[in-house]
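A closer look at the structure
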Amino acid sequence: MMIRTQNIRKSYGALQVLKGIDLAVAKAEVVSIVGPSGAGKTTLLQILGTLGKLDSGQIEIDGVPVHTLGEKQMARFRNRKIGFVFQFHHLLPEFTALENVMIPAFIAGLDRSSAGQKAEELLELLGLSHRLTHKPAELSGGEQQRVAIARALVNDPAVLLADEPSGNLDTKNREELHRLFFELRDRLGLTIVIVTHDEQLAGMSDRKIEMIDGLIVP
């Protein structure tokens, strides 16, 4: 299994958000997590991505028990093994598409030439070779989201985590993005976990997991 969790629990004060989550996701599987607002979907995704701390339980990603890692080890693991795509692209407005994609590679220690080559290859793969020098404000919403996906992939992660990735897009761009996730899985062997309210995307996934009130519906 690429991802395995056991009895993950998370509370914020008196509010129990996750009440014992057991989850297993295979390598190169595309899994969608659905459910009403407040079900705990985004909290679970943040914990899977090591952006949030669990209160108790265990989480293993690509054979590494990440719940045992220290802060620096966890940050290094996150940078190299996990890619993130969000509803809002979080691109840095002062940098070009190419530079935005290069930033995680710099953090991982790649030199400028190698980072630039990798970023350019990914943007070309995503159909943006003609937009390398454009800044986010000069790109459409769909193009910005593809830049964000290239940025998430630049360090060859094992896992891609997406939180409402198509929530801000029009119908045409949403459908293109949905197809893109499966093309990337087939081409790169990515394991992808997507939190979504989009029934079309959820229906395309290899497996749909429903959460209600902090638990996975059996």
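Above this note sits the structure.
Let me begin by describing the structure that accompanies this report. No experiment lies behind these values; they were computed from the predicted model shown.

Re the overall build of the protein chain
Secondary structure assignment for the protein chain yields 7 helices and 10 strands. A compact globule built from 218 residues should have a C-alpha radius of gyration of about 17 Å, and the protein chain, at 17 Å, falls within 12% of that. Considering the protein chain as a whole, with its 218 residues, one finds that 49% of them fall into the buried category. For the protein chain, the proportion of contacts with a sequence separation of at least 24, taken over those separated by at least 6, is 70%. In the structure as shown, the protein chain presents an accessible area of about 10400 Å², 51% of it carried by carbon and sulfur atoms. Distance between charge centres in the protein chain, computed from 25 positive and 27 negative side chains, equals 5 Å.

Description of helix H6 (residues 171-188)
For H6, spanning 18 residues, the distance from its first C-alpha to its last is 26 Å, which sits close to the expected 26 Å at 1.5 Å a residue. Along H6, the residues that are buried comprise Asn173, Leu177, His178, Leu180, Phe181, Phe182, Leu184 and Arg185. Buried residues along H6 sit in contact with strand E3 (30-34), helix H4 (112-125), helix H5 (141-153), strand E7 (159-163), strand E8 (191-195) and helix H7 (199-204). In the stretch just after H6, Gly189 is the one whose phi turns positive, near 70°.

Things to note about the sheet that holds strand E2 (residues 15-25)
Pairing in this open sheet of 4 strands is antiparallel, and the strands run E2-E1-E4-E5 from one edge to the other. In the strand order of this sheet, the two ends are held by E2 and strand E5 (64-65), each with one partner. As defined by bridge partners, strand E1 (residues 3-12) adjoins E2 across 8 bridges and the pair is classed as antiparallel. The residue of E2 that forms the bridge with Thr5 is Leu23.

Observations regarding the packing of H4 against H5
Two numbers describe how H4 lies on H5: the axes approach to 9 Å, and their chain directions differ by 135°. If you check the angle between H4 and H5, you find them oblique. Judged by the twist between their axes, the crossing of H4 over H5 is right-handed. Contacts between H4 and H5 involve Lys118, Leu122 and Leu123 from the first element and Val147, Ala150 and Leu153 from the second. Taken together, the residues of the contact of H4 with H5 break down into 5 nonpolar, no polar and 1 charged.

Side note on the nonpolar core
Residues Leu123, Val147, Ile149, Leu160 and Phe181 are the most contacted members of the largest nonpolar core, which totals 34 residues. Among the elements of the structure, helix H3 (97-107), H4, H5, E7, H6 and E8 are those that each provide at least two residues to this core. When residues in this core are grouped by element, the largest group, 6 residues, is from H5.

A closer look at the pattern of salt bridges
Applying the stated rule across the entire model yields 10 salt bridges. The salt bridge involving Asp62 is made with Lys81; its shortest N-O contact spans 2.6 Å. One end of the pair, Asp62, is in the loop between strand E4 (56-61) and E5; the other, Lys81, is in helix H2 (residues 71-81), with 19 residues separating them in the sequence. For Asp62, a relative accessible area of 33% translates into the label partly exposed. The class of Lys81 is partly exposed, set by a relative accessible area of 29%. Two residues, Asp156 and Lys118, come together in a salt bridge whose shortest N-O distance is 2.7 Å. With a gap of 38 residues between them, Asp156 in the loop between H5 and E7 and Lys118 in helix H4 connect regions that are remote in the sequence.

Description of the sheet that holds E3
Here we have 6 strands laid out as an open sheet, ordered E6-E7-E8-E3-E9-E10, and mixed in their pairing. Bordering the open sheet on either side are strand E6 (82-86) and strand E10 (215-216), each of which pairs with just one other strand. Sheet strands in contact with H5 are E6 and E7, and its direction is about 165° off that of E6.

Parameters and conventions
Residues numbered from 1 in each chain as written. Predicted model: local features only at pLDDT ≥ 70, side-chain atom pairs only at ≥ 80, totals over all residues. Heavy atoms only, no water. Helix = DSSP H or I, 4+ residues; strand = E, 2+ residues; numbered from the N terminus. Rg over C-alpha atoms; globule rule 2.2 N^0.38 Å. Buried < 20%, exposed > 50% of the residue type's maximum accessible area, 1.4 Å probe, protein only. Contact = heavy atoms within 4.5 Å. Areas by Shrake-Rupley, 256 points an atom, 1.4 Å probe, with all protein chains shown as cover. Lys, Arg positive; Asp, Glu negative; His and termini not counted. Charge placed at Lys NZ, Arg CZ, Asp CG, Glu CD. Expected span 1.5 Å × (residues − 1). Pairing = 2+ DSSP bridges. Axes fitted to C-alpha atoms, helices over the stretch in contact; angles between N-to-C directions. Parallel < 35°, antiparallel > 145°, perpendicular 65-115°, else oblique. Left-handed = near helix turned anticlockwise from the far one by under 90°. Nonpolar A, V, L, I, M, F, W, Y, C, P; charged D, E, K, R; others polar. Core = buried A, V, L, I, M, F, W, Y, C linked by side-chain atoms within 4.5 Å. Salt bridge = Lys/Arg side-chain N within 4 Å of Asp/Glu carboxyl O.

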